[in-house]
Number of protein chains: 2
Amino acid sequence: MEAQFIRWLRDNLPSHPLLVVGPGDDAAVLGSTGAEHTVLTVDMLADGVDFQLAGTDPHLIGRKALAVNLSDLAAMASRPLAAVIAVMLPCGNAYELGQALYEGMLPLAEQYRLAMAGGDTNTWNGPLVISITLLGVPTGSGPLRRSGAKPGDRIIVTGQFGGSILGKHLYFQPRVEEAILLHQRYRLHAGIDVSDGLSLDLYRMAVESNCGAVIHAQSVPIAEDAHRLARQRADRSTALDHALGDGEDFELILAVSSEQAQRMLAEQPLAVRLTDIGQFVAEPGLWLMDEQGNTKPLRPRGWEY
Amino acid sequence: MEAQFIRWLRDNLPSHPLLVVGPGDDAAVLGSTGAEHTVLTVDMLADGVDFQLAGTDPHLIGRKALAVNLSDLAAMASRPLAAVIAVMLPCGNAYELGQALYEGMLPLAEQYRLAMAGGDTNTWNGPLVISITLLGVPTGSGPLRRSGAKPGDRIIVTGQFGGSILGKHLYFQPRVEEAILLHQRYRLHAGIDVSDGLSLDLYRMAVESNCGAVIHAQSVPIAEDAHRLARQRADRSTALDHALGDGEDFELILAVSSEQAQRMLAEQPLAVRLTDIGQFVAEPGLWLMDEQGNTKPLRPRGWEY
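Owing to the predicted nature of the structure, the values given are computational and were not obtained by experimental measurement. All residue numbers refer to position in the chain's written sequence, counted from 1. Going through the entries in the order they are written, you letter the chains from A and number the ligands from 1. In keeping with the predicted nature of the model, local features appear solely for residues at pLDDT of at least 70, side-chain atom pairs appear and are counted solely at 80 or more, and the whole-chain, interface and lining totals rest on all residues. For side-chain calculations, the full set of non-hydrogen atoms in the structure is used, while hydrogens and water are omitted.

With that settled, the discussion passes to the overall build of chain A. Counting from the N terminus, the helices are DSSP H or I runs at least four residues long and the strands are E runs at least two residues long. Within chain A one finds nine helices and 13 strands. Expected size for 305 residues packed as a compact globule is a radius of gyration near 19 Å; at 19 Å, chain A falls within 12% of this value. Buried means the residue's accessible area, taken with a 1.4 Å probe over protein chains only, is under 20% of the maximum for its type, while exposed means over 50%, and partly exposed covers the values in between. Residue burial in chain A is summarised as follows: out of 305 residues, 62% are buried. By the convention used here, residues are in contact when the closest approach between their heavy atoms is within 4.5 Å. Taking the contacts inside chain A whose residues are at least 6 apart along the sequence as the reference set, 82% of them involve residues at least 24 apart. What sets the accessible areas is the Shrake-Rupley method with a 1.4 Å probe; for residues, cover comes only from the shown protein chains. As displayed, chain A has an accessible area near 11,900 Å², and 48% of this comes from carbon and sulfur atoms. Once the 24 positive and 36 negative side-chain charges of chain A are each reduced to a mean point, those two points are 5 Å apart. Our radius of gyration is a C-alpha quantity, and the globule rule it is checked against amounts to 2.2 Å times the number of residues to the power 0.38. Charge assignment in this entry is limited to Lys and Arg as positive and Asp and Glu as negative, and neither His nor the chain termini are counted. Lys charges are placed at NZ, Arg charges at CZ, Asp charges at CG and Glu charges at CD.

Right under this line is the structure:
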């Protein structure tokens, strides 16, 4: 329903002279009368949807709520500036829960020198809901968009994919510094963070860029937890399936020219590994290519609302 | 619990060079390297707490969610710039509900030339939750704070109070233009909007200003709906009780010097009436003064979380 609703929003929300990037990208960009633009993003997380409060340390939930927002700023290659936090806390131990959530956020906030600009704290009889709005500023290279990938561009990813439910979804490090460094050092055409699934988020990027994408199956960096999950599950899913569809990896997908890709891969400027997993193509759609070079259509999979 | 939690936040959130005003006021103020500061505010509303979805036109709920945030910017005498909106929509008719909420916001957004900077739309099995973050910019007079009232200052209010549950809480006009005009034309020492209750919000202003306040009972402008509510309710509450404690009036309380108050009252520069309802005093506390000049302590009443 979200895709349909975002289309409706795009058609029905009035344009605004200050709105450089409106709904539909990883974040919105607000122009200003001065030189600096502001990047805005929000994520709302709820118990039973994005986490299970029962059985999870609330510090980790607070951390995750902030980290997923930081990942959206990373996807825009923008520097975090300030956070605004609203919560609905279930009655009972609301005070302790609220404290634990904030305590979970503070180390990340400190790491990124985020101004915690206050918020709204409520209690109710419903489940825990957390909404965080982040403000950021793009680097001199401007905000990194989802659109902008060109046919022939290489698909470069950070890190590994799949099986994040076994732990990474709570402990991941948003790729903020990585995105900024890459955006400053190389000519990135487009970028997105993988929140819903490698294949689904890559497909979104291709759609926004009016092109298609081919993933080379043997090139996808598969996380050890994707292998573990494939062994655990009796549904005959492979580790590659998990890498392509699990989501919550919070790694980056980037579109760059072949020449830039060669430089990036040779230089490997990050602590985390950069991998070339395929290329963008003119024909709209998504394909998986096997070792023999045979391609078949790939259904974009991942967390759809 | 909110007051206690905000104290904890104030003690535990790290200070930040960009944070001109942190948690505890009507909005936060973010400094910038340029000349302009950014005012930030968020309000989260939930079904069963701030509205009853069953039996209420969702357009009015969307309007209210935006209007309460605009009222917070009014309390800072700041001009609205952009809105970021996150929702948890109950499954079922989520799409139609989401549309109606946004449609309810759009006329207000247009009136204040707000950039609708996107958001996050989710569905779940829980009740409707809406969180709106607003960005604004203060006028040349700077952001209007809750603190700053001085003993001897007059207490000036816009409009009338009480009984808003009979309709005004859904239809009210946030006092944005009024606050900006007053802040530019007069020297306002402090200001707040009445969301939780005239006596409670005035008390908050006094506490933040390290002083007390005396309300003149016969001067409080009582709304017709406060009288209606007093007649309807069998609990012997008076219209004045409703004016002092109902909340959701979304009028302004301002602290100004006697001399400025005289000018404001003589000039009455707004379409809505300005009224002097008492004065700030050195001794911390809140009092109600009757027609004979007798004062008695007044318990700050209103919507406490």
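A few words now on the packing of helix 2 (residues 58-75) of chain B against helix 3 (residues 94-111) of chain B. Residues and elements named next belong to chain B. Here an axis means a line fitted to C-alpha atoms, over the contact stretch when the element is a helix, while the angle between two N-to-C directions is reported on a 0 to 180 degree scale. Between helix 2 and helix 3, the least distance of the axes is 7 Å, while the angle of their chain directions is 45 degrees. One element, helix 2, and the other, helix 3, form an angle in the oblique class. Relative to helix 3, the crossing made by helix 2 is right-handed. Contact residues: helix 2 offers P58, H59, I61, G62, R63, L66, A67 and L70, while helix 3 offers L97, A100, L101, E103, G104, M105, L108 and A109. Three residue categories are used. Nonpolar comprises Ala, Val, Leu, Ile, Met, Phe, Trp, Tyr, Cys and Pro, charged comprises Asp, Glu, Lys and Arg, and polar comprises the others, including Gly. Among the residues forming the contact of helix 2 with helix 3, the class breakdown is 11 nonpolar, three polar and two charged. Small angles under 35 degrees read as roughly parallel and large ones over 145 as roughly antiparallel, with 65 to 115 read as roughly perpendicular and the rest as oblique. Here is the rule for handedness: rotate from the far helix to the near one, and if that takes an anticlockwise turn smaller than a right angle the crossing is left-handed, while a clockwise turn gives right-handed.

Take the interface of chain A and chain B next. In this assembly, 60 residues from chain A lie in contact with 60 residues from chain B. In total, chain A and chain B occlude about 5,100 Å² of area from one another, counting both sides; carbon and sulfur atoms represent 76% of this. Whenever Lys or Arg places a side-chain nitrogen within 4 Å of a carboxyl oxygen from Asp or Glu, that contact is recorded as a salt bridge. The tally of links from chain A across to chain B stands at zero salt bridges. N or O atoms within 3.5 Å of each other form a polar contact, as long as, within protein, one can give a hydrogen and the other can take it, and as long as residues adjacent in sequence are counted only when both atoms are side-chain atoms. At the surface where chain A touches chain B, the tally comes to three residue pairs in polar contact (both at pLDDT 80 or more). It is strand 5 (residues 115-124) of chain A that provides the largest number of residues to the side of chain A that touches chain B, a total of 10 residues. Of the residues that constitute the side of chain A that touches chain B, the class distribution is 39 nonpolar, 13 polar and eight charged. The term buried area means the drop in 1.4 Å probe accessible area that two parts suffer when joined, counted for both and summed.

Now for the packing of aromatic side chains. All names here are of chain A. Pairing of aromatic side chains requires ring centres within 6.5 Å, counting the rings of Phe and Tyr and the six-membered ring of Trp. Pairs whose planes differ by under 30 degrees are stacked, by over 60 edge-to-face, and all others tilted. Enumeration over the complete set of coordinates arrives at two aromatic pairs over all chains. Ring centres 4.0 Å apart and planes at 20 degrees place the aromatic pair F172 and F250 in the stacked group. Of the two residues, F172 is situated in the loop between helix 4 (168-171) and helix 5 (176-185) and F250 in the loop between helix 8 (239-245) and strand 10 (252-256); the sequence distance between them amounts to 78 residues. Here F172 falls in the buried class, since its relative accessible area comes to 2%. Given a relative accessible area of 3%, F250 falls into the buried group.

For chain A, mean pLDDT is 91; residues scoring 70 or higher make up 94% of the total. In the predicted complex, the global pTM is 0.89; the interface-specific ipTM is 0.89. How sure the predictor is of each residue is captured by pLDDT, a score from 0 to 100.

A separate point is the sheet that holds strand 12 (residues 285-289) of chain B. Residue and element names in this part refer to chain B. In this description, strands pair whenever DSSP reports at least two bridges between them. Spatially, seven strands are ordered 8-10-7-11-9-12-13 in an open sheet, and the strand pairing comes out mixed. In this open sheet, the two strands that pair with only one neighbour each are strand 8 (190-193) and strand 13 (295-297). Going from strand to strand, the sheet's axes swing by 30 degrees on average, the running direction of each strand aside. When strand 8 meets strand 10 (residues 252-256), the two strands line up antiparallel, connected through four bridges. Of the residues in strand 10, the one forming a bridge with D193 is L252.

By nonpolar core we mean a set of buried residues, namely Ala, Val, Leu, Ile, Met, Phe, Trp, Tyr and Cys, connected to one another through side-chain atoms within 4.5 Å. By size, the foremost hydrophobic cluster in this structure holds 57 residues, and its most contacted members are L66, L101, M116, L128, I130, I132 and M264 of chain B. Looking at this core, the elements that each hand over two or more residues are strand 3 (38-46), helix 2, strand 4 (78-90), helix 3, strand 6 (129-138), helix 5 (176-185), strand 10 and helix 9 (258-267) of chain B. All the domain ranges listed were derived from an automatic or database domain assignment. No fewer than three residues from each of domain 1 (2-138) and domain 2 (154-295) of chain B sit in this core. Leave out the neighbours within four places in its chain, and I132 of chain B touches T41, V42, D43, A65, L66, N69, A83, V84, I85 and M105 of chain B. Core analysis: the second largest hydrophobic core is formed by 56 residues, A67, M76, I180 and V256 of chain A among them.

What follows covers the relation of the copies chain A and chain B. We place the copies in one frame by least squares, fitting the C-alpha atoms of every residue whose pLDDT is at least 70 in both. The two copies are related by a screw motion: chain A maps onto chain B through a turn of 180 degrees and a shift of 0.0 Å along the axis, at an RMSD of 0.1 Å. Both copies of the chain, as the preceding transformation shows, are related through a two-fold rotation axis. Take the interface residues of chain A: 100% of them recur as interface residues in chain B, which is what a same-surface contact looks like.

The next point concerns helix 3 (residues 94-111) of chain A. Residue and element names in this part refer to chain A. Expected helix span is taken as 1.5 Å per residue step, with the number of steps being one fewer than the number of residues. The terminal C-alpha atoms of helix 3, which comprises 18 residues, lie 27 Å apart, in line with the 26 Å expected from a rise of 1.5 Å per residue. The bend reported for a residue corresponds to the angle between axes fitted to the seven residues ending at that residue and the seven starting there. Residue M105 marks the point of greatest curvature in helix 3, where the axis turns by about 30 degrees; the proline P107 follows within four residues. Counted residue by residue, helix 3 has 13 buried out of 18 residues, so it is predominantly covered. R113, located one to two residues past helix 3, shows a positive phi value of around 50 degrees.

For the rest of this paragraph, the subject is the pattern of salt bridges. For the coordinates displayed, the defined rule picks out 23 salt bridges over all chains. A salt bridge links R204 of chain A to D201 of chain A; its shortest N-O distance comes to 2.8 Å. Remark: D201 of chain A and R204 of chain A occur in helix 6 (residues 198-208); sequence separation between them is three residues, near one turn of the helix. Taking the shortest distance from any N to any O, the salt bridge between R175 of chain B and E178 of chain B comes out at 3.4 Å. In this pair, the class of R175 of chain B matches that of E178 of chain B, namely buried. Several salt bridges converge on common partners, so that one network encompasses K168, R175, E178 and E251 of chain A.

Next up on the list: the sheet that holds strand 10 of chain A. Within a beta sheet, neighbouring strands are joined by backbone hydrogen bonds and run either parallel or antiparallel to one another. All names here are of chain A. Taken in spatial order, the seven strands of this open sheet run 8-10-7-11-9-12-13, and their pairing is mixed. Strands at the two margins of the open sheet, each flanked by one partner only, are strand 8 (190-193) and strand 13 (295-297). Between one strand axis and the next, the sheet turns through 30 degrees on average, direction left out of account. Seen against the sheet, helix 2 (residues 58-75) touches strand 8 and strand 10 and runs at an angle of roughly 170 degrees to strand 8.

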